[in-house]
Amino acid sequence: MSADEKRAVKTSTGTAHGPGYGDDESLNAIRHADDVLLAKLGYKSEFRREFSLVETIAFAFSIMGVVASVSSTMSFPLVSGGHVGMVFGWLIPCFFVMTIAASLAELTSAMPTSAGLYYFSAKLAPPRWAPLASWITGWANVTGQVALVCSIDFTCAQMIVTALNVGSDGAINLGAGPTFGILLAILFTHGIVCSAATAVIARLNIFYVIVNIGTTIAAIVVLLACSGDQRVSTDTAFTMFENNTGWSNNGWAFLLAFTSPMWTLTGYDSAAHISEETANAARAAPIAILVGVGATASLGWLLFIAASFATASVSQLLGTDLPLPMGQLFLNVLGKQGMLAIWSLIIVVQYVTGAAQGVDASRVVFAFARDNALPGSRWWKKMHPWTRTPVNAVWLVMALSGICGFLGFSETALSSLAGASVIGLYVSYVTPIFLRITSGRTRLHPGPFTLGKWYMPIGIVAVSWVSFIVVLLVFPPEVHPTADTMNYTVVIIMSVFIFASLSWVISARKWFKGPVKTVEDRDGIVGEFDEKGARVEEKSVESH
């Protein structure tokens, strides 16, 4: 590496000034340093680096959509503990999720690439097993990403249905078919938004975060200030336990409340997946992961506390005819007009959460295709010449999410899809963390953010927690499930696992060697590769 490049790398790990990182000259130096680091990781820079530190944080925070996610998943703690489920069923998992976030932040700082998790696994696994580790992690992440897009957007459709039902005083009560149609319309508009240039997407995230935070704070305030006689005592809000699961063991029933925060606190790996679009990525991405998770966990807890105070009757919320109990809570507290006002904002939050998740999922698909791991990779890794974004990958994600949306015709299947998205994502999170504390102890070259000697105990806690939560999420919600109430998460997960395993044994093990270099350091040549990893053309490296 030249002296100029070494100075540039040093610049990239230094302190940036403000959202725009100072003047144009220093920003260009930072972007060049990012491209040099990316080349050292093996990839040519293909995106424009338009995300600043603030916009990266906004993206990681907005993708979790705290007020919309809490509204979507409130039924889980209501069933599994009532008031205690809402308050402590949220708080406890957040501490464990922070260990996962911290571990991923360290890995992202060291290896800021859109490939993210499966790249980390490849570099931390023993060389013999690196391709398999990368393959498993990649497929788990792709599965979780696509399933999460569908889950978020289907919930957005349900929120719209809820608003129509309340606004018409029950006259409009749309079934699964119209709800699926709304889902397809949402996916189509998200495809358009996610196909935009990086600069547009980056600026939109400032709007996203303002809407997210503003709506969350508004929801907390109105639930506390407007609940009036419905407001319960502090003792009730924090200590009243109700087991509506059917499980005789109250402790086990309470654990099922963990589903809500685990579904909400997903997608923060997005900061890694947009790192090739981020200036000073080795510093900005880990900060975004930690701030995003910390802020979402804190605001979500405050929102659930407010909801607990405003909940006069858990059974009444669970018995509502509306698709989501949170809608009924707002209706009880604010009346029809007030509920529709705050609910409209929550719908906007859910919509922008889906848009952010669509961007994240498309970057994962692009990166996995760039390494020739997907069927039809040559199509999905194409960059649009004008927007310089993976437009084909965007529309693949939307199409697959639409197909997954057929599960919405069964409430049980849709719930299972949400569980599958959480398991798929967390398996992909924990695999490189497990490798970091085992075979990868000496393989990581830390970036600006490092856990130091604490990586081991933090990693052990993270791996233990995910192992526990994966088992928890495949359990049925009640003691004696029927075909209509069974949890089919394991069916979805095993289907993907069997597909990935068979494709590995039959074919992929012969040609997939893990992340494929598109830059050769020794002579600065960029290589383009076909489906099997063979070179098809060469050209000079360019810096963006």
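Cut-offs used in this document
- Residues numbered from 1 in each chain as written.
- Predicted model: local features only at pLDDT ≥ 70, side-chain atom pairs only at ≥ 80, totals over all residues.
- Heavy atoms only, no water.
- Helix = DSSP H or I, 4+ residues; strand = E, 2+ residues; numbered from the N terminus.
- Rg over C-alpha atoms; globule rule 2.2 N^0.38 Å.
- Buried < 20%, exposed > 50% of the residue type's maximum accessible area, 1.4 Å probe, protein only.
- Contact = heavy atoms within 4.5 Å.
- Areas by Shrake-Rupley, 256 points an atom, 1.4 Å probe, with all protein chains shown as cover.
- Lys, Arg positive; Asp, Glu negative; His and termini not counted.
- Charge placed at Lys NZ, Arg CZ, Asp CG, Glu CD.
- Polar contact = N/O pair within 3.5 Å; in protein donor to acceptor, adjacent residues only side chain to side chain.
- Core = buried A, V, L, I, M, F, W, Y, C linked by side-chain atoms within 4.5 Å.
- Axes fitted to C-alpha atoms, helices over the stretch in contact; angles between N-to-C directions.
- Parallel < 35°, antiparallel > 145°, perpendicular 65-115°, else oblique.
- Left-handed = near helix turned anticlockwise from the far one by under 90°.
- Nonpolar A, V, L, I, M, F, W, Y, C, P; charged D, E, K, R; others polar.
- Salt bridge = Lys/Arg side-chain N within 4 Å of Asp/Glu carboxyl O.
- Phe/Tyr/Trp six-rings, centres within 6.5 Å; stacked < 30°, edge-to-face > 60°.
- Lys NZ or Arg CZ within 6 Å of the ring centre and 35° of its normal.
- pLDDT = per-residue confidence, 0-100.
- Expected span 1.5 Å × (residues − 1).

Draft legend 1. Here's a closer look at the overall build of the chain. In terms of regular secondary structure, the chain is built from 22 helices and 5 strands. Here the C-alpha radius of gyration of the chain, 23 Å, is about what a compact globule of 544 residues would show, namely 24 Å. Its C-alpha atoms put the chain at 75 × 55 × 45 Å along the principal axes. Looking at the chain as a whole, 57% of its 544 residues qualify as buried. Partitioning the contacts of the chain with sequence separation of at least 6, the portion at a separation of at least 24 is 81%. When the accessible area of the chain is evaluated, it comes to approximately 20400 Å², of which 65% is carbon and sulfur surface. Placing the 32 positive and 34 negative side-chain charges of the chain at their respective mean positions leaves the two points 10 Å apart.

Draft legend 2. Spotlight on the environment of W139. With respect to the helices and strands, the residue W139 is situated in helix α8 (residues 130–167). Assessed through its relative accessible area of 11%, W139 is described here as buried. Taking C-alpha positions, W139 is 7.0 Å from A500, a pair spaced 361 residues apart along the chain. Excluding anything up to four places from it in sequence, W139 contacts F368, A373, L374, P375, V496, F499 and A500.

Draft legend 3. Molecular detail of the side chain of E277. Mapped onto the secondary structure, E277 falls in the loop between α14 (270–273) and α15 (281–310). Within the structure, E277 has its side chain in polar contact with the side chain of R363 (distance 2.8 Å). Once residues lying within four places of it in the same chain are set aside, the contact partners of E277 are F47, R48, R49, E50, F51, T198 and R363.

Draft legend 4. Quick look at unusual backbone geometry. Phi is positive for D169, close to 55 degrees, though the residue is something other than glycine. When you line up the elements, D169 lands in the loop between α8 and α9 (176–194). According to the relative accessible area criterion, D169 is exposed, its value standing at 63%.

Draft legend 5. Focus on helix α7 (residues 117–124). Burial analysis of α7 places 7 of its 8 residues in the buried class, the great majority of the element. Among the residues of α7, those classed as buried are L117, Y118, Y119, F120, S121, A122 and L124.

Draft legend 6. Structural detail: the nonpolar core. Grouped together as the largest cluster of nonpolar side chains are 151 residues, with contacts concentrated most on I100, Y268, F330, W343 and Y426. Here the element with the most residues in this core is helix α17 (residues 325–370); it accounts for 20 residues. Formed by 5 residues, the second largest nonpolar core is a distinct cluster that contains V87, A237, I305 and F309.

Draft legend 7. Broad picture of the packing of helix α4 (residues 66–73) against α17. Across the interface, α4 lies against α17 with an axial gap of 10 Å and an inter-helix angle of 130 degrees. On the basis of the axis angle, α4 is oblique to α17. Handedness of the crossing formed by α4 with α17: left-handed. For the pair α4 and α17, the contacting residues are V67, A68, S69, V70, S71 and S72 in the first and M326, W343, I346, V349 and Q350 in the second. When its residues are assigned to classes, the contact of α4 with α17 shows 7 nonpolar, 4 polar and no charged.

Draft legend 8. Structural context of the environment of W129. Along the chain, W129 falls in the loop between α7 and α8. Through-space distance from the C-alpha of W129 to that of G514 is 9.7 Å; in sequence the pair is 385 residues apart.

Draft legend 9. Summary view of the pattern of salt bridges. Inspection of the entire model under this criterion finds 6 salt bridges. R203 is paired through a salt bridge with E55; the nearest N and O atoms lie 2.7 Å apart. With R203 in helix α10 (residues 198–225) and E55 in helix α3 (residues 53–62), this residue pair connects regions lying 148 residues apart in the sequence. For E55, a relative accessible area of 8% translates into the label buried.

Draft legend 10. Representation of the packing of aromatic side chains in the model. For the structure shown, the criterion picks out 32 aromatic pairs. Pairing W135 with W511 gives two aromatic rings, centres 6.2 Å apart and planes at 85 degrees, and the pair type is edge-to-face. Of this pair, W135 sits in helix α8 while W511 sits in helix α22 (residues 489–511); the two residues are 376 residues apart in sequence, bridging distant segments of the chain. Ring centres of W465 and F468 lie 5.5 Å apart, and the angle between their planes is 50 degrees; on these two criteria the pair is classed as tilted. In this pair, W465 and F468 both sit in helix α21 (residues 455–473), 3 residues apart, roughly one turn of the helix. By relative accessible area, W465 is classed as buried at 6%. Looking at F468, the relative accessible area reads 30%, which means it is partly exposed. Ring pairs connect the aromatic residues Y118, W135, W139, F368, F499, W504, W511 and F512, which therefore count as one cluster. Taking NZ or CZ as reference, R436 lies 3.8 Å from the ring centre of Y455, over its face.

Draft legend 11. Seen up close, the packing of α9 against helix α19 (residues 391–404). It is the contact of α9 with α19, at a shortest axis distance of 9 Å, that shows an interaxial angle of 170 degrees. Classified by the angle between their axes, α9 and α19 sit roughly antiparallel to one another. Packed against α9, whose contacting residues are F180, L184, L187, F188, H190, G191, I192 and C194, the element α19 presents V394, W395, M398, S401 and G402 at the interface. Looking at the contact of α9 with α19 residue by residue, the classes come out as 9 nonpolar, 4 polar and no charged.

Draft legend 12. Expanded view of the confidence of the model for the chain. On average, the chain scores 87 in pLDDT, and the residues at 70 or more come to 91%. Note on residues 1–20: pLDDT under 50 across the span, and 28 contacts to partners over four residues away in sequence or across chains. Per-residue pLDDT stays below 50 along residues 522–533; that stretch engages in 46 contacts with residues further than four places along the chain or on separate chains.

Draft legend 13. Local environment of α9. In this model α9 runs 26 Å from its N-terminal to its C-terminal C-alpha over 19 residues, within 8% of the 27 Å that 1.5 Å per residue would give. Every buried residue belonging to α9 is among T179, F180, I182, L183, I186, L187, H190, G191 and C194, and all of these are buried. On its buried face, α9 sits against α8, α10, α17 and α19.

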